Amino acid sequence: MTHDVIVIGAGLAGLASARDLVDAGLDVLVVEARDRTGGRVESETLSDGRVVQLGGEIVGTIHYGYRQLAAELGLNIVPSYTEAEGLTGYDLVDGVVLGEDWLTAEDQACLESMDAELVRLAKLIDPADPLNTETGRSLDAMSIADFARANGATQCALRSLRLSWVYTGGGSIERLSMLGEARAMAAVGYHSMRDYGMWENLKVEGGSSVLADTLTALLADRIRLGSPVSRIEIGSTCTVTLHSGEVLSATNILCAVPVGPLRDIEIVGVSAERLRSLHRQREIPAFKAVVPLDEPIWERVGCNGLIPSERDTGGFWVQGGSVLSSLNGPELIGQIRNAPPGVADEQLLGTLRRVCGDIGDPTVLWRYWGTDPWTQGYVSHWAPGDLAAVGPLHGSHEPPFYLAGSDHWVAGYMEGAVLTGRHAAASILGRDFDLYPARYSSESRD
Ligand SMILES: Cc1cc2nc3c(=O)[nH]c(=O)nc-3n(C[C@H](O)[C@H](O)[C@H](O)COP(=O)(O)OP(=O)(O)OC[C@H]3O[C@@H](n4cnc5c(N)ncnc54)[C@H](O)[C@@H]3O)c2cc1C
């Protein structure tokens, strides 16, 4: 039989799009490589019954699309780690500091003036067409560190910037495009990605996996698990070939797999320009470590559980209760991934011991997303020059070939997955859908 739409990938983008298409009365089949749905949203239930999140976890006020979907599904949104009381515990190369006192008034003023300059520049950027101005083109050629130096960043202001990106697994600020940052800010009402109070202040009650599970339950009979796709052919009738050799057909294909695994799929019938742009995108690799503790040990030293590290890890934040999360980017993957058994745990927990003292001997849960064949990364990565190289076709559809997934939005958040999924579904249905709703939402503006 020929379906109206085959959705490839049952992450948030694929699930959100399939829900809208099914609601509109279309015959939809979702094919998923793994034996579970959710993609980069994944949970594990511990032996004591606690459910921990091993992938995407937090959202923010400016994640308007995600919050809208959660509301439609009847899910509650609750405060995240940014609301925790206490001081941030910095694990710096020259010692542990609680609070911001390692930054002088001059450093703080420097960070504030850089943010103000960034807001000014972001206001000149159209997130849907970021390279259409000279400002956009010159920012793309520049790294975040270049921008900071050009704006007179002090040494400690630079350290603060480095910590922000290491702590969120984003990698070195020497290798991140300033336009990537400005575009993300422009998309959400001009909030710096370091403004965690707007980007990361919320989460779904019960954990982010609840949202994916709720969508899965609604679509259960439409989803085929364990069905990796190896080939897509676009035509008047489109075909999708599974690794098993089985061939499925549909009028439209909605491809919602990350850009890494997507390069492994043979695609026929899509223009060379569209494919070149798609294949030029990349994700940054990362891994997540989760440390379930018996009690919130950080509170003993007056810390809020937010622990950025310049040393052996990316740092920690409170996932919930007495569970800590740690996100570690490319600089740490090679070293920690290849460490002998036990050494990686000691390296990770060393940061906690320095800041919190005696933490006992907790078990660490490791999730290596960068080497997972169905993710091959963590979130989209925009190095200097990447936006220009990917070009204006980024995120665009070539009907009946539609694209969705957080890689096709401005930044890698779950927000991007939901918005692009719903945008692709709306495009198939001939409806309008705004990819940047936060821009116009009064609560997202200063
Ligand atoms: C460790 C980690 C922490 C994160 N933290 C946050 C956070 O706190 N907040 C936030 O908003 N975002 C966070 N993110 C990012 C967020 O989770 C992702 O951007 C989002 O979930 C991506 O959704 P997606 O649907 O675009 O892609 P995915 O979730 O990756 O879904 C793609 C699906 O395609 C499937 N697939 C791949 N190849 C094939 C194939 N050949 N055939 C069939 N199926 C295939 C995959 O198995 C997967 O299910 C985090 C990500 C990671 C990895």
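Here the structure is shown first, and the text comes after it.
Residues numbered from 1 in each chain as written. Predicted model: local features only at pLDDT ≥ 70, side-chain atom pairs only at ≥ 80, totals over all residues. Heavy atoms only, no water.

### Side note on the nonpolar core
Worth spelling out the cut-off: Among buried residues, those of type Ala, Val, Leu, Ile, Met, Phe, Trp, Tyr and Cys that are joined through side-chain atoms within 4.5 Å constitute a nonpolar core. Only protein chains enter the accessibility calculation, which uses a 1.4 Å probe; a residue is then buried when its area is under 20% of its type maximum, exposed when over 50%, and partly exposed in between.
Core analysis: the largest hydrophobic core is formed by 37 residues, its most contacted members being V7, L12, L21, V28, Y66, L211 and L254. With 35 residues, the next largest nonpolar core counts C156, L176, M178 and Y190 among its residues.

### Brief notes about the pattern of salt bridges
Threshold: Any carboxyl oxygen of Asp or Glu within 4 Å of a side-chain nitrogen of Lys or Arg constitutes a salt bridge here. Secondary structure follows DSSP: runs of H or I at least 4 residues long count as helices, runs of E at least 2 residues long count as strands, and numbering of each begins at the N terminus.
For the coordinates displayed, the defined rule picks out 27 salt bridges. A salt bridge links E174 to R149, with the nearest nitrogen and oxygen atoms 2.8 Å apart. In this pair, E174 sits in the loop between helix 6 (155-167) and helix 7 (178-187) while R149 sits in helix 5 (residues 144-150), placing the two residues 25 residues apart along the sequence. One salt bridge connects E266 with R231, and the closest N-O pair in it is separated by 3.3 Å. Here E266, found in strand 13 (residues 266-268), pairs with R231, found in strand 10 (residues 229-233); they are 35 residues apart in sequence, far enough to count as distant. Within this structure, R34, R36, E42, R367 and D372 form a network of salt bridges that share partners.

### Section: the sheet that holds strand 18 (residues 323-328)
Keep this limit in mind: Pairing between two strands requires that DSSP report at least two bridges joining them.
Taken in spatial order, the five strands make up an open sheet running 16-17-18-15-19, and their pairing is antiparallel. The strands lining the two open edges of the sheet, one partner per strand, are strand 16 (307-308) and strand 19 (365-368).

### Considerations on the environment of L387
What counts, and what does not: Residues are treated as being in contact if the distance between any of their heavy atoms lies within 4.5 Å.
Structurally, the position occupied by L387 is in helix 14 (residues 386-390). Separated by 257 residues in sequence, L387 and P130 have C-alpha atoms that sit 8.3 Å apart. Apart from residues no more than four positions distant in its own chain, L387 is found in contact with P130, L131, D140, S177, L179, G180, R183 and W382.

### Considering a nonpolar patch on the surface
Heads up, the condition is: Patch definition: residues with relative accessible area over 30% and no salt bridge; like charges joined within 9 Å; nonpolar side chains (Val, Leu, Ile, Met, Phe, Trp, Tyr) joined within 5 Å. In this description, accessible areas are obtained by the Shrake-Rupley approach with a 1.4 Å probe, and a residue is regarded as covered only by the protein chains that are shown.
A cluster of nonpolar side chains, contributed by L87, L98 and V301, occupies part of the molecular surface with about 200 Å² of accessible area. Here V301 is to be found in the loop between strand 15 (287-292) and strand 16. Accessibility expressed as a relative area gives 30% for V301, which makes it partly exposed.

### A closer look at the packing of helix 1 (residues 12-23) against helix 9 (residues 209-219)
To be explicit about the condition: To get an axis, a line is fitted to the C-alpha atoms, and for a helix only the part in contact is used. The angle between two axes follows their N-to-C directions and goes from 0 to 180 degrees. Any angle from 65 to 115 degrees is called roughly perpendicular, while one under 35 is roughly parallel, one over 145 is roughly antiparallel, and all others are oblique. Left-handed is the label given to a crossing in which the near helix is rotated counterclockwise from the far helix by less than a right angle, and right-handed is the label when the rotation is clockwise. Here the term charged refers only to Asp, Glu, Lys and Arg, the term nonpolar to Ala, Val, Leu, Ile, Met, Phe, Trp, Tyr, Cys and Pro, and the term polar to all other amino acids, Gly among them.
Interhelical geometry of helix 1 versus helix 9 gives an angle of 40 degrees and a closest axis separation of 10 Å. Relative to helix 9, the element helix 1 lies oblique. Crossing of helix 1 against helix 9: the hand is left-handed. Here L12, L15, A16, A18, R19 and V22 of helix 1 lie close against helix 9, whose contacting residues are L211, A212, L215, T216, L218 and L219. In terms of residue class, the contact of helix 1 with helix 9 is built from ten nonpolar, one polar and one charged.

### A few points about the side chain of S209
Operational definition: Any pair of nitrogen or oxygen atoms within 3.5 Å is treated as a polar contact; in protein, a donor-acceptor pairing is required on top of that, and neighbouring residues in sequence qualify only through side-chain atoms on both sides.
Summarising the element assignment, S209 is placed in helix 9. S209 gets classed as buried once you look at its relative accessible area, which sits at 6%. Here Q53 takes part through its side chain, which lies 3.0 Å from a polar atom of the side chain of S209. Dropping the residues within four chain positions of it, S209 is found in contact with V41, S43 and Q53.

### Re the pairing of strand 15
Buried residues dominate strand 15, accounting for six of its six residues. Where burial is concerned, the two faces of strand 15 agree: the one with F287, A289 and V291 and the one with K288, V290 and P292 are both buried. Direction of pairing for strand 15 relative to strand 18: antiparallel, over a ladder of six bridges. Paired with V290 across the bridge in strand 18 is S325.

Purely geometric numbers; function is a separate question.
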